[in-house]
Amino acid sequence: MLLVAGLGAETFPRHEDRPGWHPLTAGRELGDPDRREADRHALLLALLSTSDRVALAYQGGSDEDGRERPPSTPLADLLAAVDEIATLPQGRVSRKTF
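First, a word on what this report is: a plain description of the structure on this page. (Residues numbered from 1 in each chain as written. Predicted model: local features only at pLDDT ≥ 70, side-chain atom pairs only at ≥ 80, totals over all residues. Heavy atoms only, no water.)

**What to know about the pattern of salt bridges**
Argument step 1. Within this structure, the stated rule accounts for four salt bridges.
Argument step 2. Two residues, Arg69 and Glu10, come together in a salt bridge whose shortest N-O distance is 3.8 Å. Placement of Arg69 in the loop between strand E2 (54–56) and helix H3 (73–85) and of Glu10 in the loop between strand E1 (2–4) and helix H1 (23–26) is noted, with a sequence separation of 59 residues between them.
Argument step 3. For Arg67, the salt bridge goes to Asp65, with nearest N and O atoms at 3.1 Å.
Argument step 4. Accessibility expressed as a relative area gives 60% for Arg67, which makes it exposed.
Argument step 5. We classify Asp65 as partly exposed; its relative accessible area is 45%.
Argument step 6. Look at the salt bridges and you will find they share partners, linking Glu10, Glu64 and Arg69 into a network. (Salt bridge = Lys/Arg side-chain N within 4 Å of Asp/Glu carboxyl O. Helix = DSSP H or I, 4+ residues; strand = E, 2+ residues; numbered from the N terminus. Buried < 20%, exposed > 50% of the residue type's maximum accessible area, 1.4 Å probe, protein only.)

This is the structure we're talking about:
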């Protein structure tokens, strides 16, 4: 089983937060590293590496005020694709929300 946690919109993928003096903040060139793309790629590799079950988790609510927090865009896209194609017998969706 594969467990990937921390897939909330606030934490995944990482944001580009470089200081103003960093050379990559001036302008991006072809081939410059991109943390967001690297994180998305790492998630894809993790999903492709498993042949059994997958559990993807994110914090769905705020600790301070209980407001709902959305999943990250890559996770939301994956969940939407699962909702479209994967169903169990009797029409039940194969996705679980806790």
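**Some points on helix H2 (residues 35–49)**
Along an α-helix, residues three or four apart share an orientation, since each turn contains 3.6 residues.
Argument step 1. Under the 1.5 Å per step criterion, the end-to-end length of H2 is 21 Å for 15 residues, consistent within 8% with the ideal 21 Å.
Argument step 2. Here H2 has its buried residues at Asp39, Leu43 and Ala46. Projection of H2 onto a plane perpendicular to its axis shows the buried side chains occupying an angular sector of 65 degrees, all on one side. Set apart from the buried face of H2 by more than 90 degrees, the exposed residues are Leu48 and Ser49. (Expected span 1.5 Å × (residues − 1). Arc of directions from axis to C-beta.)

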